[in-house]
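# Reading the structure
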Amino acid sequence: MSLIPFLFVVAIIIATVGLGLYATRKASSASDFFVAGRQVSVFMNASAISGEYLSAASFMGIAGLVMKNGYDALWYPVGYAAGYLLLLLFIAGPLRRFGAYTIPDFAEGRFDSPTFRKVAVLFVLCIGFFYTMPQMKGAGVTMSTILNWPYWVGIAVVGSVITFNVALGGMKGITFVQAFQYWAKAFAISVPFFVLMSVYGGYSGALKQNADAPADAPKFARDTTLKFAGKDKAPANAVSFSPLGLTEMRFPSTGAATIDKISTARKPASGEDPITLESPSDPSVFVATPLVVTQGGVPVELNGKPVKTAPKIEFANPGQVAFTSGSYVPNSPTNRKWIEPYGTLTGKHGYPLLYTYSLIIALVCGTAGLPHILVRFYTNPDGRAAKRTTFWVMVLLGVFYVFTPMWGTLGRSLLPELYANNKTDAVVIALPRIFENKLLGEILAGITSAGAFAAFMSTFSGLLVSMSGAWAHDIYGKMLNPGATTQQRLTAFKVAAVVFGIVSMLLGLLVESFDITLMVGWAFAIAAASYFPLLLLGAWWRGLTKFGAATGMLLGGTLSLLAILTFMGIEKKWLPFDAPPLIKALLEQPAIWGVPLSLGIMIVVSLITSRHIPRDISSKMLRLHAPEEMGYSKNYVE
Amino acid sequence: MTTVADDEAARAALARAMMQRQAALSIRVAAVFLILIFGLPLVNWLLPQAAGASVGGFTFTWLLLGVLFYPITWLLSGYFIRESDRIEAQIAAEYPHAAGKGTAR
């Protein structure tokens, strides 16, 4: 049944390898490997940057997140795309004119400090590995969704194909491939959607359903049997029923999931009467009904309406459960919460405005500080081309991202059962299969599966090039063996690509139970509080010293990372303590304090150490900002 | 005649003059963008009725964030590139003898 999607996935993998081999034939010089000979045309480079940027989180994650959380999740695609505007306004042109190979080159050249290069390399590798983990998870999950292959197979396939491509052709080998992959993804997110829309109705109609009946929620349109995860995949094994009405679940006689724990969906506030729920006497059926919250026997009211909750169950072992037609779909927010701002995503800690602002800052500033994207700006011939490239990237990304919420919206209307077993992340792949015409459905699912694969492969190859480049160029070529010949450095690049590729695959195996979007969030939060302040102040403030920049970057980046890890520890109950909601919001989304903290430390420490401002700072500033024809620009390596 | 390249003070003045003009443009465009992206959450918060107003099946705020935001950023970036090219051409014309030590490439 899944033969057709499988063939599409095989086709995109073959195209990737074939194009990589084709483009590689001429990649021989060092600059070919690291910056594709600096001769990539504006449109090709814009396609390649977009192809590299649209990762698993963009292709599958956003549609799933919009389906799950509604309006609040729209900030993700907007932030991912709009971050490029800040990059354009403050960073793209100067960075290219400075003419370094990598961000660590910039760090050293701007501050005349080889030590700072080491700090910067550390962050390239750290952000890189954090960003590869979700790509690997995406590959594993998609393969297991399409073909029921074990999780590790998808990782092994994507990992080895890309490692092979990168080791063979470096940056030049992947530029062409990534440009192709942008167009593959744009096709895969748009064309199947138009076909869906022509049969099942449009975007605004599906939104209107939610706006017109704000107090309602999605229901099962037919009897539906679903597979559930077990305790080992927690929290994916949890089912919170709707407080709006009745849900009936039947357990089949064989292969049924079994109930581990029954509690209530809403955590009781202090003073409220505890609600105890018993296991049903008939083990083959479970009927969930709304429960009235009481305090001292009197119903609790909020805005004149009684507060209700509903049962929540957690399954012990994986298995099947059948939902009766007309039942409310569990785990789904009400229409109002979904379509209005400040719903389930930003409102979860009770500080929705704060959460929203922090999320926006992380996404916008993080985009402008991702090393594997920044390294691509060096492949432009000059600063002017770098700016034009950024403009086209924004257009290409916008065209892609505008489709992602449409998938989430249609998914809510047409395939709400994905809420029940926490499979909203798969909406892009699952939705095309609703067609009556099975062949058409499989072909469209094949197209979106191939698009998803293009997403993991292109992002992973970009990350691998930037990490291997950091190793070969910054660590091996500048620190370990400064006298290395070009040939030696190329060998170092290839060895690094293979080693990092294997490490990434192993890391991917560890993160099966983590959320894709959450993991990408780590990388963005670290980048926002480390590289973004470095580049912004480094390009525009002559007073920034190496001590200021390094302390700000290290403290901002590591504290943000620690905050996120602490939050995860609390959520997964690895840490023995809880935190008040305000603190939890600040830990989960640290950018609102992390970015200003990093900028502040940079400014204060620089002012204290101002005698360390490089003597030739004016020349450096001219090199960053003077138009090319004035002759101040320079390339580090010819 | 001394060229700018020989003189640190003159270089500093040149860099400052150039960066001021470029930064003024960048900050102007960034201000519009930041007002939009940081203003929308406030509109949603303070004027939920307006945010929820129906526009062709969309709510106003969904239409803005989910669809229109992208073309708005394109306009801003197109405007920035045009202006920044103009400023740089002006700078290059004003300092014809400024060429320094190295040459590109």
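Remember, it's a predicted structure, so these values are computed and weren't measured experimentally.

Reading guide: rules and limits
Residues numbered from 1 in each chain as written. Chains lettered and ligands numbered in written order. Predicted model: local features only at pLDDT ≥ 70, side-chain atom pairs only at ≥ 80, totals over all residues. Helix = DSSP H or I, 4+ residues; strand = E, 2+ residues; numbered from the N terminus. Buried ≥ 20, exposed ≤ 12 C-beta atoms within 10 Å, placed from the backbone. Contact = placed C-beta atoms within 7 Å. Rg over C-alpha atoms; globule rule 2.2 N^0.38 Å. Pairing = 2+ DSSP bridges. Axes fitted to C-alpha atoms, helices over the stretch in contact; angles between N-to-C directions. Nonpolar A, V, L, I, M, F, W, Y, C, P; charged D, E, K, R; others polar. Parallel < 35°, antiparallel > 145°, perpendicular 65-115°, else oblique. Core = buried A, V, L, I, M, F, W, Y, C linked by C-beta atoms within 7 Å. Expected span 1.5 Å × (residues − 1). Bend = angle between axes of the 7 residues up to and from the residue. pLDDT = per-residue confidence, 0-100.

With that settled, the discussion passes to the overall build of chain B. Tallying secondary structure elements over chain B gives 3 helices and 2 strands in all. In sequence order, the secondary structure elements of chain B are arranged as α-α-β-β-α. A burial count over chain B gives 30% of its 105 residues as buried. In chain B, of all internal contacts separated by at least 6 residues, the share reaching a separation of at least 24 is 61%.

Looking now at the overall build of chain A. The helix and strand inventory of chain A stands at 23 helices and 13 strands. For 638 residues, the compact-globule estimate of 2.2 N^0.38 gives 26 Å, and chain A sits close to it at 26 Å. Each principal axis of the C-alpha atoms in chain A carries an extent, and together these give about 80 × 55 × 40 Å. Taking all 638 residues of chain A together, the buried fraction comes to 59%. Sequence-distant contacts in chain A: of pairs separated by 6 or more residues, those separated by 24 or more amount to 83%.

A separate point is the environment of A:Gly128. All names here are of chain A. With respect to the secondary-structure elements, Gly-128 resides in helix H7 (residues 114–147). Spatially, the C-alpha atom of Gly-128 lies 26 Å from that of Asp-382, the residues being 254 residues apart in sequence. The contact partners of Gly-128, leaving out residues within four places of it in the chain, are His-372, Leu-463, Ser-466 and Met-467.

Residues and elements named next belong to chain A. Strand order in the open sheet formed by 4 strands is S1-S13-S3-S5, with antiparallel pairing between adjacent strands. Each edge of the open sheet is held by one strand with a lone partner, namely strand S1 (224–228) and strand S5 (285–288). The mean angle between the axes of side-by-side strands here comes to 30°, regardless of whether they run parallel or antiparallel. In terms of strand pairing, S1 meets strand S13 (residues 319–323) through 5 bridges, oriented antiparallel. Across the sheet, Phe-228 pairs through a bridge with Gly-319, a residue of S13.

What follows covers the interface of chain B and chain A. Accessible area lost upon the coming together of the parts serves often as the stated size of an interface. Facing 52 residues of chain B, the contacting portion of chain A comprises 50 residues. Elements represented by at least two residues in the side of chain B that touches chain A include exactly helix H1 (8–46), helix H2 (48–52), strand S2 (58–59) and helix H3 (60–94) of chain B. Of all the elements, H3(B) adds the most residues to the side of chain B that touches chain A, at 19 residues. Of the residues contributing to the side of chain B that touches chain A, the split by class is 30 nonpolar, 17 polar and 5 charged.

Turning next to the sheet that holds strand S12 (residues 311–317) of chain A. Through backbone hydrogen bonds, the strands of a sheet pair up, either in parallel or in antiparallel fashion. Residue and element names in this part refer to chain A. Taken in spatial order, the 3 strands of this open sheet run S2-S12-S4, and their pairing is antiparallel. The outermost strands of the open sheet, each flanked by one partner alone, are strand S2 (238–240) and strand S4 (258–264). Averaged over all pairs of adjacent strands, the angle between their axes in this sheet comes to 20°, without regard to strand direction.

Once that is clear, we can look at the environment of A:Lys478. Here A:Lys478 lies in helix H17 (residues 438–480). For A:Lys478, a count of 19 C-beta atoms within 10 Å corresponds to the partly exposed category.

Turning our eyes to something else, we now look at the packing of helix H20 (residues 546–571) of chain A against helix H21 (residues 581–588) of chain A. In helix packing, the relevant descriptors are the interaxial angle and the interaxial distance, both defined with respect to the helix axes. Residues and elements named next belong to chain A. With their axes 7 Å apart at the nearest point, H20 and H21 run at an angle of 125° to one another. If you check the angle between H20 and H21, you find them oblique. For the pair H20 and H21, contact is made by Ala-563, Thr-566, Phe-567 and Ile-570 and by Lys-584, Leu-587 and Glu-588, respectively. Its residues assigned to classes, the contact of H20 with H21 shows 4 nonpolar, 1 polar and 2 charged.

Residue and element names in this part refer to chain A. Membership of the largest hydrophobic core comes to 226 residues, with the highest contact counts inside it found for Ile-127, Ile-526 and Ala-528. The element best represented in this core is H17, accounting for 20 residues. Not counting residues within four places of it along the chain, the set of residues in contact with Ala-528 comprises Ile-361, Ala-362, Cys-365, Gly-366, Gly-369, Ala-591, Gly-594 and Val-595.

Moving on to unusual backbone geometry. It is generally the case that most residues other than glycine have a negative phi and that most peptide bonds are trans. Residue and element names in this part refer to chain A. Phi is positive for Asn-303, which is not a glycine, with a value near 50°. Tracing the chain through its elements places Asn-303 in the loop between strand S9 (301–302) and strand S10 (305–306). On the basis of neighbour count, Asn-303 is assigned to the exposed category, with 5 C-beta atoms found within 10 Å.

What follows covers the environment of A:Thr289. Residue and element names in this part refer to chain A. With respect to the helices and strands, the residue Thr-289 is situated in the loop between S5 and strand S6 (291–292). Here Thr-289 falls in the partly exposed class, since 13 other C-beta atoms lie within 10 Å of it. Spatially, the C-alpha atoms of Thr-289 and Thr-247 are 6.7 Å apart, while their sequence positions differ by 42 residues.

Here H3(B) spans 48 Å end to end across 35 residues, near enough to the 51 Å set by a 1.5 Å rise per residue. Within H3(B), the axis deviates most sharply at B:Leu68, by approximately 60°, and proline B:Pro71 lies no more than four positions further along.

Further remarks concern the packing of helix H13 (residues 383–401) of chain A against H3(B). One can describe the packing of H13(A) onto H3(B) by two numbers: an axis separation of 10 Å at closest approach and a directional angle of 170°. Taken together, the axes of H13(A) and H3(B) lie roughly antiparallel to each other. Contacts from A:Arg384, A:Lys387, A:Arg388, A:Thr390, A:Phe391, A:Met394, A:Val395, A:Gly398 and A:Tyr401 of H13(A) reach H3(B) at B:Tyr70, B:Thr73, B:Trp74, B:Ser77, B:Gly78, B:Ile81, B:Ser84 and B:Asp85. When the residues that make up the contact of H13(A) with H3(B) are grouped by side-chain class, the tally is 7 nonpolar, 6 polar and 4 charged.

Turning our attention to the pairing of S12(A). Each regular strand displays side chains that alternate between the two surfaces of the sheet. Residue and element names in this part refer to chain A. The sheet contact formed by S2 and S12 spans 3 bridges and is antiparallel. The partner of Ala-238 across the bridge, within S12, is Glu-314. Summarising the sheet, S4 and S12 pair through 6 bridges and their orientation is antiparallel. The residue bridging Thr-264 from the neighbouring strand is Pro-311, located in S12.

Turning to the confidence of the model for chain A, a few remarks are in order. Put simply, chain A has an average pLDDT of 87, and 96% of its residues get 70 or more. Across chain A, the secondary-structure element scoring lowest on mean pLDDT is helix H2 (residues 30–35) of chain A, at 58, and the one scoring highest is helix H22 (residues 591–608) of chain A, at 96.

Among all positions in H21(A), only A:Lys584, A:Ala585, A:Leu586, A:Leu587 and A:Glu588 are buried. Residues of H21(A) that are buried make contact with helix H11 (352–367), H20 and H22 of chain A.

All names here are of chain B. Residues with a pLDDT of 70 or more make up 86% of chain B, whose mean pLDDT is 86. In the model, residues 100–105 has pLDDT below 50 throughout and makes 13 contacts with residues more than four positions away in sequence or in other chains. Our summary of model confidence lists the complex with pTM equal to 0.91 and ipTM equal to 0.89.

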